[in-house]
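What follows is the residue order along each chain.
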Amino acid sequence: MGTPSLVLFLLFPVLDPGIVQGKVIQDLSKCDWFFQGKVPPQGFDTQNRVKICQRYKNHYHFVTLYRTDLRIPVYSAYRFPCTLGVVKRLRPRTWFYEPQIDDLHASAEMMSSNGTASDHQAVDADYLHSGYDRGHLYPYSFNRKESATATCTLTNAVPQTHEANVNWAKEAESIVLHLAKICYNSSRSMYVVTGSANSTNIKLKNKVMVPEVAWTALCCTSPPHRNNDPCLNNKVGPGGENALTYDKDFSAAFRKRMQPEEPGVRLTVRELQEQLGVGKMFESCRGTSAEDEAETFKEVTLLIEGEMLAVNRGDSLRRWSWVLTVTCCLLLEMGLNWF
């Protein structure tokens, strides 16, 4: 497996030797296509945060805003579809970490965190025997090839109990993926920002903070720079003749209290922004203003219900096909036929 690399964007106005260091870049132009309108989410605190263009095998796969004092990400921003690379995806046993966060002169490449320690970020040993999963923000399951492998860095993970992690996948991630496929089948692209919020009093190994809340926001729209967009150069496969499509842009958001766990809820992007106390998640997207959020919320509800119906209908057809096949074989063995 090749060694991944990334670029860090420090948000400190002055670099103190005792503060996190890294490779300083003036802007996010190397990976700004992961943001809708090439504009990062607004209104997030900048103290003790670093921006990371997550690079693996000569490709940028997503962007992360990482909080070094709590050793967890604030958010990861990504696209669907955006599968890059050629090698089959691999979930590493020991996850990656970013050595240059701790040392300005260290390698600018993501590396295995096996046997390592850090004063400013989580390493695999922090999760060992902790009772908590390494909960992806950008899900591994959303991608194939090297883009999936690239999600297995601890700068893209927060501590989650196993049950809460599984339920978040059911209550939010699976629905977001269904909506993303509808968006793709409608000749659009999905922009997603997934993050954590609200500190608890729980720390893994007295280092890695367990967040109280997980959240995600999505925007389905047409990319403005189609001729210079790396995410549009890959395919995710045909949706099929019965694939759902929709001829409008749309947005949605999800929020779940993870610690202690409560059921996840769906809300508008504007409502999520208000609850988090931040600015705009997306530069411009239908359903993110008071004027159109109610109509868009209803439409997304219908899209979710329609997609679930299609999935259930497909499962039923597969079950009936299996029953008919087995029945046919039994009748043949008995010397009978259908007629």
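Thresholds, definitions, all that
- Residue positions are given per chain, counted from 1 along the sequence in the order it is written.
- The model is predicted, so local features are restricted to residues of pLDDT at least 70 and side-chain atom pairs to those at 80 or more, both for listing and for counting; the totals for chains, interfaces and linings are taken over all residues.
- Computation of side-chain values: all heavy atoms of the structure, hydrogens and water removed.
- Residues belong to a common nonpolar core when they are buried Ala, Val, Leu, Ile, Met, Phe, Trp, Tyr or Cys residues joined through side-chain atoms within 4.5 Å.
- The buried label goes to any residue with under 20% of its type's maximum accessible area, the exposed label to any with over 50%, and the partly exposed label to all in between, with areas taken from a 1.4 Å probe on protein chains only.
- The numbering of helices and of strands both runs from the N terminus, where a helix is a DSSP run of H or I of at least 4 residues and a strand a run of E of at least 2.
- Two residues qualify as a contact provided that any one of their heavy atoms is within 4.5 Å of a heavy atom in the partner residue.
- Salt bridge, as used here, is a side-chain nitrogen of Lys or Arg placed within 4 Å of a carboxyl oxygen of Asp or Glu.
- Aromatic rings from Phe, Tyr and Trp, taking only the six-membered ring of Trp, are treated as a pair when their centres fall within 6.5 Å; an angle between ring planes under 30 degrees marks them as stacked, one over 60 as edge-to-face, and anything in between as tilted.
- Geometrically, a lysine NZ or arginine CZ counts as sitting over a ring once it is within 6 Å of the ring centre and also within 35 degrees of the ring normal.
- Residues adjacent in sequence count toward polar contacts only when both atoms are side-chain atoms; beyond that, a polar contact is any pair of N or O atoms within 3.5 Å, and within protein one must be able to donate a hydrogen and the other to accept it.

## Description of the nonpolar core
Judged by nonpolar contacts, the single largest core of 31 residues is most densely connected at F34, F44, Y75, W215, M281 and F282. Within the residue set of this core, elements represented by two or more residues are β3 (59-67), β4 (72-80), β9 (189-204), β10 (208-221) and α4 (269-276). With four residues, β10 is the single largest residue contributor to this core. When neighbours within four sequence positions are excluded, M281 is seen to be in contact with P41, F44, V193, W215, A217, V269, L272, Q273 and L276. Of all hydrophobic cores here, the second largest spans 30 residues; its members include Y138, A172, I175 and I182.

## Digging into unusual backbone geometry
For the peptide bond that leads from F80 to P81, omega is -5 degrees, which places it in the cis range. Positive phi, normally seen in glycine, also occurs at K38, with a value near 60 degrees. Inspection of the secondary structure puts K38 in the loop between β1 (7-10) and β2 (49-56). Residue classification places K38 among the partly exposed residues on the basis of a relative accessible area of 29%. Phi at H129 takes a positive value of approximately 60 degrees, unusual for a residue other than glycine. Tracing the backbone shows H129 in the loop between α1 (124-127) and β7 (133-136).

## Notes on the pattern of salt bridges
If the charged atoms of two oppositely charged side chains come close together, the side chains can form a pair. For the structure shown, the criterion picks out 16 salt bridges. For R257, the salt bridge is made with E212, and the minimal N-O distance between the two is 3.1 Å. With R257 in strand β11 (residues 250-257) and E212 in strand β10, the pair connects residues that are 45 residues apart, well separated along the chain. Via salt bridges that share partners, K248, R286, E295 and E299 belong to a single interconnected network.

## Some remarks on the packing of aromatic side chains
Within this structure, the stated rule accounts for nine aromatic pairs. Through a chain of ring-to-ring contacts, the aromatic side chains of F62, Y78, Y138 and F142 assemble into a single cluster. Positioned over the ring face of Y60 is R55, at 4.8 Å from the centre of the ring. Positioned above the aromatic ring of Y140, the side-chain terminus of R91 is 4.0 Å from the ring centre.

## Considering the side chain of Q36
By secondary structure assignment, the location of Q36 is in the loop between β1 and β2. For Q36, a relative accessible area of 8% gives the class buried. In this structure the side chain of Q36 is engaged in a polar contact, spanning 3.0 Å, whose partner is the backbone nitrogen of E283. In this structure, Q36 is in contact with Y191, C219, T221, F282, E283 and S284, ignoring residues within four places of it in sequence.

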